[in-house]
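Residue-level listing of the chains:
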Amino acid sequence: MSREFKDMRLIAGHDYRDSFRSRRMLVWMILYLCVAVGSTFIFCQVLRAVEREIAKVAAVETGEKAGGVTESLQKSKAFREIVNNLIEEPELADQLLSLPPLVLFYAWFSFTFMPLLVIILCSDTIARDIQTRYVRFNLFRTSRAAYVTGKSVSAASLLLAALLVSGLASMVVGAFRLHPFDFFAVLPHILFFVVKCWVFMLAFLGIALMASQLRSSPLQAQILGLLTYFFLMILGPIARMKAGPGLARLWELGNLISPGPKVAGLWMPDIASNLKAAAFSAGLGLFYFAIGFLVFSRRDL
Amino acid sequence: MTANVFALEIRNLQKRYRRHVALKDLNLTVPRGAVMGLVGPNGAGKTTAFAIIAGLLRSNGGSINVLGEGPYDPVRHKGRLSLLPQDAHIPGHSRVKETLVYFARLQGLAHRPAVYAAEKTLEWVDLSDRADAPVSTLSHGMIRRLSAGQAFIGDPDLVLLDEPTSGLDPRQVVRIRELVLSRRGRQTIVVSSHILSEIEAACDHIAFIDKGVTTRQDAMDNIVHRNRSLTIFLTRPLTAVPDALPQQFPEVSFRLSDNGTRMIVHFQDGHSASTMNRMLLPVLFSMGIDVEEIRRGSDLEKIYLEDPANQH
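Since the structure is predicted, the reported quantities are computational estimates derived from the model, not experimental observations. (Residues numbered from 1 in each chain as written. Chains lettered and ligands numbered in written order. Predicted model: local features only at pLDDT ≥ 70, side-chain atom pairs only at ≥ 80, totals over all residues. Heavy atoms only, no water.)

> Just give me the short version of the overall build of chain A, but keep the residues and values in it.
Regarding its fold elements, chain A presents 14 helices and two strands. When the 301 residues of chain A are sorted by exposure, 49% land in the buried category. Entry remark: accessible area of chain A is about 14,300 Å², with carbon and sulfur atoms responsible for 70%. (Helix = DSSP H or I, 4+ residues; strand = E, 2+ residues; numbered from the N terminus. Buried < 20%, exposed > 50% of the residue type's maximum accessible area, 1.4 Å probe, protein only. Areas by Shrake-Rupley, 256 points an atom, 1.4 Å probe, with all protein chains shown as cover.)

> Explain the sheet that holds strand S11 (residues 253–257) of chain B residue by residue, including any values.
All names here are of chain B. Pairing is antiparallel in the open sheet, where four strands are placed in the order S11-S12-S10-S13. Each edge of the sheet is formed by a strand with only one pairing partner; in this case those strands are S11 and strand S13 (291–296). If you compare each strand with its neighbour and ignore which way they point, the axes differ by 20° on average. Of the strand pairs in this sheet, strand S10 (residues 229–234) and S13 are connected by five bridges, and their pairing is antiparallel. Note on S13: the bridge partner recorded for Leu 230 is Arg 296. Strands S10, S11, strand S12 (262–266) and S13 of the sheet are contacted by helix H10 (residues 273–286), whose axis makes an angle of about 160° with S13. (Pairing = 2+ DSSP bridges. Axes fitted to C-alpha atoms, helices over the stretch in contact; angles between N-to-C directions. Contact = heavy atoms within 4.5 Å.)

> Before we move on, could you go through the side chain of Gln 107 of chain B and cite the residues and values that matter?
Secondary-structure assignment places Gln 107 of chain B in the loop between helix H3 (96–106) and helix H4 (111–124). A distance of 2.5 Å separates a polar atom in the side chain of Gln 107 of chain B from a polar atom in the side chain of Arg 141 of chain A. The contacts of Gln 107 of chain B, once residues within four sequence positions are left out, are Phe 140 and Arg 141 of chain A together with Lys 78, Gly 79, Arg 80, Leu 81, Ser 82, Ile 153, Gly 154 and Pro 156 of chain B. (Polar contact = N/O pair within 3.5 Å; in protein donor to acceptor, adjacent residues only side chain to side chain.)

> Tell me what's going on with the packing of helix H9 (residues 144–177) of chain A against helix H14 (residues 271–296) of chain A, and back it up with residues and numbers.
Residues and elements named next belong to chain A. Running from N to C, H9 and H14 cross one another at 145°; their axes reach a closest spacing of 11 Å. The way H9 lies across H14 gives a crossing that is right-handed. Only Phe 289, Phe 293 and Phe 296 of H14 make contact with H9, whose side of the interface consists of Arg 144, Ala 145, Val 148, Thr 149 and Ser 152. Partitioned by chemical class, the residues of the contact of H9 with H14 number five nonpolar, two polar and one charged. (Left-handed = near helix turned anticlockwise from the far one by under 90°. Nonpolar A, V, L, I, M, F, W, Y, C, P; charged D, E, K, R; others polar.)

> Describe in detail the interface of chain A and chain B, supporting the description with residues and values.
Across the boundary between the two partners, chain A contributes 27 residues, which contact 35 residues of chain B. Each partner contributes to the roughly 2,900 Å² buried at the junction of chain A and chain B, and carbon and sulfur atoms together form 57% of this total. Among the residues chain A hides against chain B, the three largest losses belong to Phe 137, Phe 140 and Arg 141 of chain A. Together they make up 29% of the total. Counting across the chain A and chain B interface gives four salt bridges. For Glu 98 of chain B, the salt bridge goes to Arg 17 of chain A, with nearest N and O atoms at 3.5 Å. In terms of residue count, helix H1 (residues 3–21) of chain A provides more of the side of chain A that touches chain B than any other element does, eight residues in total. Tallied by class, residues from the side of chain A that touches chain B come to eight nonpolar, seven polar and 12 charged. (Buried area = accessible area lost by both parts, 1.4 Å probe. Salt bridge = Lys/Arg side-chain N within 4 Å of Asp/Glu carboxyl O.)

> Residue-level account of the packing of aromatic side chains, with values.
With the rule as written, the count across this model stands at 24 aromatic pairs over all chains. Residues Tyr 134 of chain A and Phe 137 of chain A carry aromatic rings whose centres are separated by 6.3 Å and whose planes lie at 50° to one another, so their mutual orientation is tilted. You'll find Tyr 134 of chain A and Phe 137 of chain A in the same group, each marked buried. Taken together, a centroid distance of 6.4 Å and an interplanar angle of 45° make the contact between Tyr 134 of chain A and Phe 103 of chain B tilted. Taken as a pair, Tyr 134 of chain A in the loop between helix H7 (127–131) and helix H8 (135–138) and Phe 103 of chain B in helix H3 lie in two separate chains rather than in one. An aromatic cluster is present here, built from Phe 111, Phe 193, Phe 200, Phe 204, Tyr 229, Phe 230 and Trp 267 of chain A joined pairwise through their rings. Here the basic side chain of Lys 196 of chain A rests over the ring of Phe 193 of chain A, its NZ or CZ set 4.5 Å away from the ring centre. Sitting over the face of the ring of Trp 124 of chain B, Arg 183 of chain B holds its NZ or CZ atom 4.5 Å from the ring centroid. (Phe/Tyr/Trp six-rings, centres within 6.5 Å; stacked < 30°, edge-to-face > 60°. Lys NZ or Arg CZ within 6 Å of the ring centre and 35° of its normal.)

> Describe the pairing of strand S5 (residues 81–84) of chain B, and please don't skip the residues or the numbers.
All names here are of chain B. Judged by which residues are buried, S5 turns out to be covered on both faces: Leu 81 and Leu 83 on one side and Ser 82 and Leu 84 on the other are all buried. Pairing of S5 with strand S6 (residues 158–162) involves four bridges; the strand directions are parallel. In the sheet register, Leu 83 faces S6, and the bridge partner there is Leu 160.

> With reference to specific residues and values, describe the domain arrangement of chain B.
Interface extent is often summarised as the accessible area lost during association of the parts. Domain parsing of chain B yields domain 1 (3–223) and domain 2 (229–296). Here domain 1 of chain B and domain 2 of chain B have C-alpha centroids that lie 39 Å from each other. (Domains from an automatic or database assignment.)

> Give me the lowdown on the side chain of Ser 229 of chain B, citing residues and values where you can.
Along the chain, the position of Ser 229 of chain B falls in strand S10. Residues contacting Ser 229 of chain B, with those up to four places away along its chain left out, are Val 224, Val 265, His 266, Phe 267, Arg 295, Arg 296, Gly 297 and Ser 298 of chain B.

Structure below.
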């Protein structure tokens, strides 16, 4: 094993243990737990209200808990036709109709809102060490590359743990608020989407770590991370609209560097699309991380 | 050739922070095994120089040769250089021993030797009883000792200590000095400090830096003339050097300082301090001049303050 890799592993392990001691891990877990529990609870309430309305219109019975009508609806031919007409890709429509409502909600919520949490929580990872000059205890002992990679690996592991906690918390709320709810049937779907969501988040982690390497103040790094995030979230849809032949092809570049569009591939049921989207997301994360490192590797610390 | 003689060679080092020039023309040669003191006022460029040597800052010119292998490189110098940074903070939630084990492992030690080195260091800096405590529960002095300890972990060849005694009480200052002295000859140590008496007590080489320029550099013995001068502390001040002294010792020069309370005696290389004492004291006593104390060489503080290169 190369010395660089050993150092990177050492730094990642130390940072991960440090996140327990500093209660950073606890803050992450509580935040992700609260967001998951709160949003799933609201989802169940909304679903229950919608189902009551549907039951009233269709003059059918509805139970105490939410989910029964939705499940019947998902199986009904008419609803399937509506969804198939709305979504142009039949494979994706089938996938959406085959997933339990809770999984659909968890995946949608995670893909949509968790990136913001990643930007807020991870943008100060390296900037904090620069500000306190803690880097000065480390960087005469190892390379800058090993240091930032170790910190990034630790942040990525922390993110996976937080997503797992949020997925399981959603399931616990679902078990109490939804009916029918087959815990062991839903679990593999949730775990699968936890992994997909984690890979998707790597792109945003890359943005956060880029900001963290560019600034010496944690606050400035967070602001830079957020500005980049919002810019890319706006750029993605605009680039998709404007892309066309000739010079308009340049807009495809905007689409390429925006993490948002990559999510479509992760919704697809086939592994090939999933892997392609995952590779794009991870690659994009690496791209932003590398931009940050380009400056970090040369800057005064 | 120089690789065998010098642990550190700096030639015409320059560093600018936008318009501010931190290092203008820094030159330094530190022999292997030496304890070199870096003396200079605030803003002289000591911390900047340390940071450049350790690869934390980039220079704008000049050259550095660390341990005979060129400028700092994380691969080439792995585990061979260490630094006690001045204003850096170890996170408060980190545990004392675990932090040292982590630093030792990054220094290149395997797990078991790293644990052993951390335990030895804790004994050495007298923090064994706080091994499992969070850093935030330590006093300023303890943190400074911990920081000093981490600089020696893994026995690096070159140790840079930036103001190791700043903010410490006298007892802790003595402890840090003892730590440095215990390593003399085993490692090359470069230490910056404002406390000249500390530098004088701990270092065998010294360099004066001012406004990013090395104004003077030599062995401590040569700077304070340990082998060529005596400082005699008088009980009663004299208004002038008695005529009889230069007449009796024509090859020796005498001068009064500090309002006549000290007599500085410069003698030729052929004499030793002890023979000078033997010859001089009876004469002084016979003249009714009472002596409180005799010191070899001159006071570093006086030499530094009287050196025209260090005048502002």
